[in-house]
Each structure stands twice: as C-alpha cells, then as structure tokens.
Amino acid sequence: MSKLVGSIAEAVQFAGVKDGMTISFHHHLRSGDFVLNMVMDEIAKMGIKDLTINASSIHPGHAPLAKHVKSGVVTCVETNYMSIEVGQAVSEGYMKKPMIFRTHGGRPSSLAEGKSHIDVAFIAAPTSDPMGNFTGKIGKSACGSLGYAFEDAYYADKVVVITDNLVPYPLTDFSVPENYVDYVVEVDAIGDPQGIVASTTKMTKDPVSLRIAELAAKAIDASGLLKDGFSFQTGAGGASLACAAYVRDIMKERGIKGSYALGGITGYIVDMYREGLFEAIQDVQCFDLKAVESLRDDPGHFEISSTQYASPTAKSSAASSLDAVVLGATQIDTEFNVNVHTDSRGYIIGGSGGHTDVAEEAKLTVIVAPVSRARMPVVVDKVLTVSTPGKDVDVLVTQYGIAVNPARQDLIERFTQAKLPVKTMQELKEIADKLNGVPAEIKVNKNKIVAEVLDRLDQPLDVIYAVE
Amino acid sequence: MRRTMMFLPGNNPNMIINGGILGADSIILDLEDAVAPDQKDAARELVKNALESVDFGGCEVIVRINALDTPYWEDDLEAVIPLKPDMIMPTKVSGAEYCKTLSAKMDEIEERCGIPVGKTKLIPLLETAIGIENAFTIATSTPRMEALYLGAEDLTADLRCKRTKEGNEILYARGRLVTAARAAGIEAYDTPFTDVEDLEGLARDAAFVKGLGYTGKAVISPRHVETVNRIFSPTIAEIEHAKAVFHAIEEAKAQGKGAISLNGKMVDAPIVMRARLVLENAKAMGMEVEEI
Amino acid sequence: MIIQHPAVCGTLESSDVMITVSPGDGEICIDLDSTVDMYYHDQIIKVMKELLALEGISSAKIKAVDHGALDCTIKARLKTALVRSSKEV
C-alpha cells in the first residue's frame, strides 16, 4: 500500500474535494506557511468553488486567501484568529457567508461533539514518513509543537499530510500516527523558516508596557497565588511577555518552585524552566527557535493537543488547572468585556485564540493594556466586539492603576492591603479622556453581519458587522 | 522625595506624555544630548507645550538645557521658564561664573513673567574635570542651587580614562561632588548606570553611592526605576531605629532627663537629624509613620 | 507670521504628527490623515485652526500625517513648522 501521491493537485483529487466542502489547515507555520496558499491555488485552478476553510488561525502570510474569497472559491472561513490582511476583505463584505470565530479550545470541542465537520484536512508536517507518521519537532521547517493539528487528523473524513522532509518508515517520535492519514505529499518547501518561528522573542523596550508588566506582576504576587506549585500562562507580545520577566524576578528572589507554564511558548518561558522555576512546560505552540529546541531536548517540555490545552468539553484540560494568566486587549469596557477581534474602526484584526478559554479557566485572569494606545481609546464604555465576557476577567492592569472586577472583592482587599493603585474602570476611563480628549462616538453600520463570534461551547456570543 | 531622576528625550512625544507614570520621583525633559542640532527648535516647542498641558502625576519636572557655549541656551530658558518647571539642569558647568551668567538670565525672565525671582531652582550637571574641581564654588554660586549632579560619561572622556562598571575612575569625582554638595547644604545625584539589562550591577552601584551620601541617582531606562527607588528608600531597620530615637527623646522628656540615650549610646543632634530625615522620606513614600 | 516656503516638523512615530506647511491660495486648507480620525478629526482640525488664527495666518496649505498625537504635540509641531516656513532661507 502506498499513501504517497505525486502532487498537491493529485491529493486534492484523490481526497475528493468538491464544491461546498469544508477543508482545514493548522497555523503552526504561522506567517511563514506556504501550504494553505499552495492548496488553495491548486483548488482554484481546478475550478472548485464555494468552499469553507476551517483553519486554526489565518496569518498575514495568508493574504492571497483574500483573492479566493473575492472570487467565490472560498465562501466561508471558520477560524480562531484572523489578521487584518484577510480580515479587511471579510470586514468589507466580500465573503458570501458570515465567517465563524471560535476559540482555540472551542474548535477541537466543536469537532469532537460533531457541531462542526471537516471533509478534508491538509496538514503541513515539518517531518513525515511515507505512511503519515508526522511531527513538527524536526526538519528544515521545524515549528515544534503541532498542538492545533491533532484534531484535524482525528476528525476529518480524509487527511492529507504535506511535508518537505520525507523520512524512511517508521518515524518513531511522531506527534500524530499513521492510522489517521490517507495521503502523503512531498513538496520542496512547506514554509519560509523566517516566518515560521522568530529566532528570538525580544522583550519590549516600551516604557509604558514595562510599567504595566511590573504592576501586573505585583498584582499576581498580591493575589496569593504566586507560591510553590504556581502555574502560569502569558502571551508572547509586549506587556504580557514583560510580565513574565517580572514574575521571574519575584520567583527567583523568593525561591518559588512553580508547577507548569502553559500556552504558546517562548524562549523566555524556556529560561524559567531551565532555571528551575517550573517543573514542566505544556506546549500547544512554539513561538521561537529556542522553544522548538527545548521541546526536542528538555524532558519536562512536552507537546499537548488543543483539546488537552483548553477544550471546555474535555474531561479536564491543562487550562483548567491554571493559576494565573496574563492576556492583552484591543479594547476593554466598563463591564470588563474584552475585544481582541476588531480594531477601533470595526475591521477584523485578530481573534480570541486561547484568550476566552484560559480567561474562563484560570483562577486569576489579568488583562494588561494601556488606557489608550497613541490616543486610540482602549478603556471604553462598550467594546465593539465581545471576545471574552467580562465575567471571566478579574483584573485590568494599566499604566495608571489596576481595576478589579467587582465580583472579586477578595482581590480588591488583597491589592489594597499590598498598597497597589486600585482604581475603578470608570476612573481609568476618565483618566484616558482627560489625557486624550473625549472621543467622538463611532457609528456602526448594522446592515450586514460579516462574522459570528461563538463562545467556547459554540453558542453565539457576538456578531461583527461590515465596515462601510 | 528624590531618589530617581529619569531622562526623557525632549523631541519624543510618546516618552514625554508618559513621563508621569514611570515611577521616577523626578523626570528630566532633555533638550541637550538627546536632541539633534537641527531639531532643537522642535524639541524646545514640544517641551514647552508639554509643560503647559501634560499632567506629570506629581513628578518633579527638570528641563536639561544646552550649554552656555551653544547658541541655544537662552532660547531654551525663554521657552521653558515661563511654564515654571521645578528645576533647570545646565550642562558642562565649569564654575561659579557660568552659574551666575545663567542665573542672571533666569532672573530677567522670571521678573518679566511675574514669577518670584529665584523660584526656578538649579541642578547643574558637573561632567568636566574643571567642573568637579570647582564643585563647591558652583554649589554656592547662587541661591538657586538645589543639588549637584555628576555626569560620568563626559567626565571620563575629559579625564582620558575608560568608563567602567566598577567605577574606580570616578571614585574621586563622586567623593568630591557629594562633599561639596553637603558642605553647601544641597543634594547630590549620581550618574546613570548604563547597562540596561544588568539589574544586579545597578543595585550594587546604587548601594555604593548611597553609602557615599548621595541622595539619589539618574536613570536612563524605566527598568532601573524600581531598583534605584528601593535602594535609596529607608530600610525597615532604619525606620525602626529612627522611631526608637524619637521614643527615647519623649521618654527622656517625660522623666525630665537632660541627656538621652538609646541602647547605651548618646542620642545627639546628628542622630536626631538623621532619624528625622529617615522618617520624612518614609512618609513621603507612603509608608505608615506616626507624626513626629 | 508669513509663510514664505514649505517647511516640515514632526515624525511618523507613534504619538507624533508630521506637519508640512506651504504658502496658501488665500485660505486655510488642511489635509489630515490620522490613525484616530474617527475619534478626533474635529478636535485636531480645531486645534490647528485655533493656532493659525492666533498666529494671524489666513492663507496656508497644511498636510498633517498623524499617528495619535495629543493636542499639545499637534500645537508644538504646527508652531515649529510655521516658524521654520517663515524664516528666510
């Protein structure tokens, strides 16, 4: 038996891709990914149309997807995150059906429960054998963890593995085994290594982000959770990553031995693990080269699927044991609702990713954001899009102080005792208005819905309207 | 409360508008080295407008101006003094004459603008060999003097030596400057620690100059603020000791004793003064201290 | 103040505005390109017009590329550009 096929076009044909079907991709090659673009170009050439793309994320490198949306090859996208390059076309109303936003934990849950379905999965694999045992840990396009690809393999009707490093059978250290795979295609390159992982993740030098990060670390400390056995997740950007640096200082100073770090992993988290600050790293995605190397070499650093990461219908998940998480926000309102989907003009610029999942699960959810970014309001009366409901957000840390969700009186007491600058959301908004002037009200055109935002259990949470 | 002075480039709106939230006790809006010669006019105008409308959250505001041998210093003063910054930091200050020339110009502007003459204080930057040698005459040259500030980068170039982390090459200058400042009854600020990443080195350096008698230290990175603030804040032990000094005084008064002793040691005037300073600083930092 | 020739002040950095001033055709003509246009368009125009009136300028072409500058920054950049444009070359 041979699963090897000669080209992507053949794979598309053998897998039986037809008008109206749903095909899937993962986003571990991030902006360096060639696979989604290569497959879609072949499909367009073959004249197949009206497809739904179910991808864990859509990145700037997927900009060519916009043309397939405009031509009707793609009429719907289901994803957890979409950057502005494709988001603009969707926001401007070019896609036939409203797109669907899920969360990183909601997507695998939806597939497992049969609420969404994949006809054909196209899985970029940095290394595979001819029978489809594959991994992301090695190969010239190594990306480390393939956490978001597991469920595509488990639940799709047909599975096509696309690799640029075909190794002899059997590949022993695989992520997904051959029994899920129908076809294997070898190509010259599945991605551009420059765009797949950053060589290093650099700490921000922005003084405001540093200030916010420092205050956030103090808040985590004052919460009482920062002690032996501490589990922690933080994003890779700006103030979130900088907060890890300040948490690290506190842990080192007091000799605290944490349990595990979770999420998208950076070299910074790897350093903390190697310094003995965490016993383990549960890795659903690697953000830089150091994380990829560590996943290969460090015994306590291991790959987890997106189900194990944060599925709300799994029997348990790594997120459900999490102490503290530090997350960003494009906007946050007086009810603590967070928007990470749309910018201030209403354009789609992102998505929840794991934001909504870990915010609900963690004991302490800290949002780090300035009250405004270069005059753009961040603390607002009402967010444009609800990505994460306010009930799951405990604390907002800004450069001017910390707002605590009124539901968490215990935290207000602890922070006051620790002499942290506690403010109300209203006070923070007034500070922003005093600094920037009162912003004009934005009119949203509610004529056309371009996206539905689903919560972790596939229930409607909000909708996004077309931009004029 | 003065522990940290944070430099902010005078032509960078993003840094300036956020000056008040970085945790520094004082901020320095810099019109000198941080601004290219062809942008001096733009920076001056920006700093002027910022002084007019930005809320620096209670930080002391210092403007660093260009040196007397440049064509800029008078325009700098004309632009900022009417907006009442707390202090002016003149650069490459060489001696008393320099300060007198500067102060006379400040007199003129203050008078014209209806500001009490002498209100705007001075914190001269001593960064040349001649400046260090003239530290005491500089410190006593005008009543505007509030503090002396040591600038090690230019100084080591002038001394023709290498600037090192250990700082042995500026040991004499550090001693000379703090002695001159204290002799004149004013404060002393130390040069910034320039390795942004090395927080342990920063802590060592700051603790060393605190030991020499310095009031505080300039910083060039927001990451350094917390460490310098911590080191120049009174420690719990210092505060406890200061409180004990005042309790001993009260007890002695109550018992009608003339001589006061604490733990077998005489409590004399310098000890009382130091205790008072410690408690004042602790209070300024928001620590809970009973009224003294 | 009389605008003699085109002059620029400011940068394209975040929280800054780059303002180009040129001689006008008898009226004030402002071309504003701002990242916060939907929130602060009227306010930005108002701040610039007030300063122009204060300087006694009734004819000028102004191009402003704004990345979220506060009013004080807009005023400072416009003022410097005006002074630069009125200086003899």
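See above for the structure.
Residues numbered from 1 in each chain as written. Chains lettered and ligands numbered in written order. Predicted model: local features only at pLDDT ≥ 70, side-chain atom pairs only at ≥ 80, totals over all residues. Heavy atoms only, no water.

**What about the interface of chain A and chain C?**
Okay, step 1: Listed as interface residues are 14 residues of chain A and, on the opposing side, 15 residues of chain C.
Okay, step 2: Across the interface of chain A and chain C, roughly 1,100 Å² is buried in total on both sides, 62% from carbon and sulfur atoms.
Okay, step 3: Together, A374, R375 and I442 of chain A form the three largest contributors to the area buried by chain A at its contact with chain C, with a combined 52%.
Okay, step 4: Scanning the region where chain A abuts chain C turns up one salt bridge.
Okay, step 5: Where D71 of chain C meets R375 of chain A, a salt bridge forms, and the shortest distance between an N and an O atom there is 2.8 Å.
Okay, step 6: The tally of links between chain A and chain C comes to four residue pairs in polar contact (both at pLDDT 80 or more).
Okay, step 7: Of all elements in the fold, only β20 (376–377) and α15 (425–436) of chain A reach the threshold of two or more residues within the side of chain A that touches chain C.
Okay, step 8: In terms of residue class, the side of chain A that touches chain C is built from eight nonpolar, four polar and two charged. (Contact = heavy atoms within 4.5 Å. Buried area = accessible area lost by both parts, 1.4 Å probe. Salt bridge = Lys/Arg side-chain N within 4 Å of Asp/Glu carboxyl O. Polar contact = N/O pair within 3.5 Å; in protein donor to acceptor, adjacent residues only side chain to side chain. Helix = DSSP H or I, 4+ residues; strand = E, 2+ residues; numbered from the N terminus. Nonpolar A, V, L, I, M, F, W, Y, C, P; charged D, E, K, R; others polar.)

**What to know about α15 of chain A**
Every α-helical turn comprises 3.6 residues, leaving residues that sit three or four positions apart pointing alike.
Residues and elements named next belong to chain A.
Okay, step 1: For α15, built from twelve residues, the straight-helix expectation of 16 Å at 1.5 Å per residue is met to within 8% by its first-to-last C-alpha distance of 17 Å.
Okay, step 2: Burial in α15 covers these residues: M425, L428, K429, A432, D433 and N436. Viewed along the axis of α15, the buried residues span an arc of 140°, placing them on a single side of the element.
Okay, step 3: Following α15 by one or two positions, G437 adopts a phi angle in the positive range, close to 90°. (Expected span 1.5 Å × (residues − 1). Buried < 20%, exposed > 50% of the residue type's maximum accessible area, 1.4 Å probe, protein only. Arc of directions from axis to C-beta.)

**Quick look at the packing of helix α2 (residues 40–53) of chain B against helix α3 (residues 73–80) of chain B**
Residue and element names in this part refer to chain B.
Okay, step 1: Packing of α2 against α3 leaves a shortest axis separation of 9 Å and a crossing angle of 20°. It follows that α2 is roughly parallel to α3 by the angle criterion. When the axes of α2 and α3 are compared, the crossing they make is right-handed. Within the contact between the two elements, α2 uses R44, V47, K48 and L51 and α3 uses D75, D76, A79 and V80.
Okay, step 2: Partitioning the contact of α2 with α3 into residue classes produces four nonpolar, no polar and four charged. (Axes fitted to C-alpha atoms, helices over the stretch in contact; angles between N-to-C directions. Parallel < 35°, antiparallel > 145°, perpendicular 65-115°, else oblique. Left-handed = near helix turned anticlockwise from the far one by under 90°.)

**Let's talk about a nonpolar patch on the surface**
Residue and element names in this part refer to chain A.
Okay, step 1: Together, Y154, Y155 and Y180 line one region of the surface with nonpolar side chains, adding up to about 250 Å² of accessible area.
Okay, step 2: Mapping Y155 onto the fold places it in helix α6 (residues 150–155).
Okay, step 3: Overall, the relative accessible area of 32% leaves Y155 in the partly exposed class. (Patch = residues over 30% accessible without salt bridge, like charges linked within 9 Å, V, L, I, M, F, W, Y side chains within 5 Å. Areas by Shrake-Rupley, 256 points an atom, 1.4 Å probe, with all protein chains shown as cover.)

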